[in-house]
Amino acid sequence: MTTLSTSSAGGRPYKEMSMSPKEYQAFAKQREPSRSIFKNCIKAFVVGGLICVLGEFIQQLYIHLAGMEPKAASNPTVATLIFLSVILTSLGVYDKIAQWAGAGTAVPVTGFANSMCSAALEHRAEGLVLGVGANMFKLAGSVIVYGTVAAFFVGIGHLIFGTGGAH
């Protein structure tokens, strides 16, 4: 049995209600705000697309203003996107955008930077080493591990099948 405390609109003391898990789930579902899946998909698509357009714009700036080759401009473009994501996360802006746009902000580079920065900010009171250093990789650690393992197997596949191309 789950015990649930409720209050009347007049601010009177709470009264306890006992309900089964099924009853509680029905109770919670009635009070859950409805979400439009189509609307959420559109918001995610637009915001994710805008992040990618921003990345392309930054890359074009590096190409045309700094005179870089397109392949060479990709590294500073990624670094700039990471930097912007960390700044926006630190200011609390990225989280507000993510709350509105949902999965659209999970674009790999900016979403990864946001997850690491958020964890670091959350634990900064515990100190630089045991707080920030130890906790910033909790969420992002699995991405790093799986990304490294996947890259290893892709590299082995290129070696075995000779699909790596000539350098």
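Everything below is about the structure printed above this text.
Because the structure is a prediction, the values reported are computed rather than measured.

Asker: Is there a simple way to think about the overall build of the protein chain in this case?
Answerer: Helix and strand counts for the protein chain stand at 7 helices and 2 strands. If you list the helices and strands of the protein chain from N to C, you get β-β-α-α-α-α-α-α-α. Among the 167 residues that make up the protein chain, the fraction classed as buried is 24%. Sequence separation of at least 24 residues holds for 40% of the intrachain contacts in the protein chain that already meet a minimum separation of 6. Accessible surface for the protein chain amounts to roughly 12,300 Å². Of this, 68% is attributable to carbon and sulfur atoms.

Asker: Would you take a moment to explain the nonpolar core for this structure?
Answerer: Soluble, globular proteins show a tendency: their nonpolar side chains are buried together. Core analysis: the largest hydrophobic core is formed by 5 residues, namely Val 47, Ile 51, Tyr 94, Ala 101 and Val 107. If near-sequence neighbours (up to four positions away) are discounted, Val 107 is found in contact with Gly 48, Ile 51, Cys 52 and Phe 112.

Asker: Explanation requested: the packing of aromatic side chains in the structure shown.
Answerer: Given two aromatic rings, one states the distance between the centres and the angle between the planes to describe the pair. Here the structure, examined in full by the defined rule, presents 2 aromatic pairs. Judged by centre distance (6.5 Å) and plane angle (35 degrees), the rings of Tyr 24 and Phe 27 are tilted. In this pair, Tyr 24 and Phe 27 are both assigned in helix α1 (residues 21-31), 3 residues apart and thus about one turn of the helix distant. Judged by relative accessible area, Tyr 24 falls into the partly exposed class, the value being 35%. With a centroid separation of 5.4 Å and an interplanar angle of 70 degrees, the aromatic rings of Phe 152 and Phe 153 are classed as edge-to-face.

Asker: What is the right way to read a nonpolar patch on the surface from this model?
Answerer: On the surface, Leu 54, Phe 57, Leu 61, Leu 65, Phe 83, Leu 84, Ile 87, Leu 88, Leu 91, Val 93 and Ile 97 cluster together to form a nonpolar patch covering roughly 990 Å² of accessible area. As for its position among the elements, Val 93 is in helix α4 (residues 93-101). Residue class for Val 93 comes out partly exposed when judged on its relative accessible area of 35%.

Asker: Sorry, what's going on with the packing of helix α2 (residues 37-65) against α4 here?
Answerer: The description of two helices packed together rests on the angle between their axes and the distance between the axes. Their axes nearest at 8 Å, the elements α2 and α4 cross at an angle of 140 degrees. As the angle between them shows, α2 and α4 are arranged oblique. Between α2 and α4, the contacting residues are Asn 40, Lys 43, Ala 44, Val 47 and Ile 51 on the first element and Tyr 94, Ile 97, Trp 100 and Ala 101 on the second. Its residues assigned to classes, the contact of α2 with α4 comprises 7 nonpolar, 1 polar and 1 charged.

Asker: Where do I start with the environment of Glu 56 in this structure?
Answerer: As for its placement among the helices and strands, Glu 56 is situated in helix α2. Judged by relative accessible area, which is 40%, Glu 56 ranks as partly exposed. Residues Glu 56 and Ser 74, 18 residues apart in the sequence, show an inter-C-alpha distance of 9.3 Å.

Asker: Could you clarify how one ought to interpret helix α3 (residues 70-90) in this entry?
Answerer: Given 3.6 residues per turn, any residue in an α-helix points the same way as the ones three and four places further on. Here α3 spans 30 Å end to end across 21 residues, near enough to the 30 Å set by a 1.5 Å rise per residue. For α3, the full list of buried residues reads Ala 73, Pro 76, Thr 77, Thr 80, Leu 81, Ser 85 and Thr 89. Where α3 is buried, its residues touch α2, α4 and α5 (108-122). Remark: Gly 92 follows α3 within two positions and exhibits a positive phi of approximately 85 degrees.

Quick notes on the rules
Residues numbered from 1 in each chain as written. Predicted model: local features only at pLDDT ≥ 70, side-chain atom pairs only at ≥ 80, totals over all residues. Heavy atoms only, no water. Helix = DSSP H or I, 4+ residues; strand = E, 2+ residues; numbered from the N terminus. Buried < 20%, exposed > 50% of the residue type's maximum accessible area, 1.4 Å probe, protein only. Contact = heavy atoms within 4.5 Å. Areas by Shrake-Rupley, 256 points an atom, 1.4 Å probe, with all protein chains shown as cover. Core = buried A, V, L, I, M, F, W, Y, C linked by side-chain atoms within 4.5 Å. Phe/Tyr/Trp six-rings, centres within 6.5 Å; stacked < 30°, edge-to-face > 60°. Patch = residues over 30% accessible without salt bridge, like charges linked within 9 Å, V, L, I, M, F, W, Y side chains within 5 Å. Salt bridge = Lys/Arg side-chain N within 4 Å of Asp/Glu carboxyl O. Axes fitted to C-alpha atoms, helices over the stretch in contact; angles between N-to-C directions. Parallel < 35°, antiparallel > 145°, perpendicular 65-115°, else oblique. Nonpolar A, V, L, I, M, F, W, Y, C, P; charged D, E, K, R; others polar. Expected span 1.5 Å × (residues − 1).

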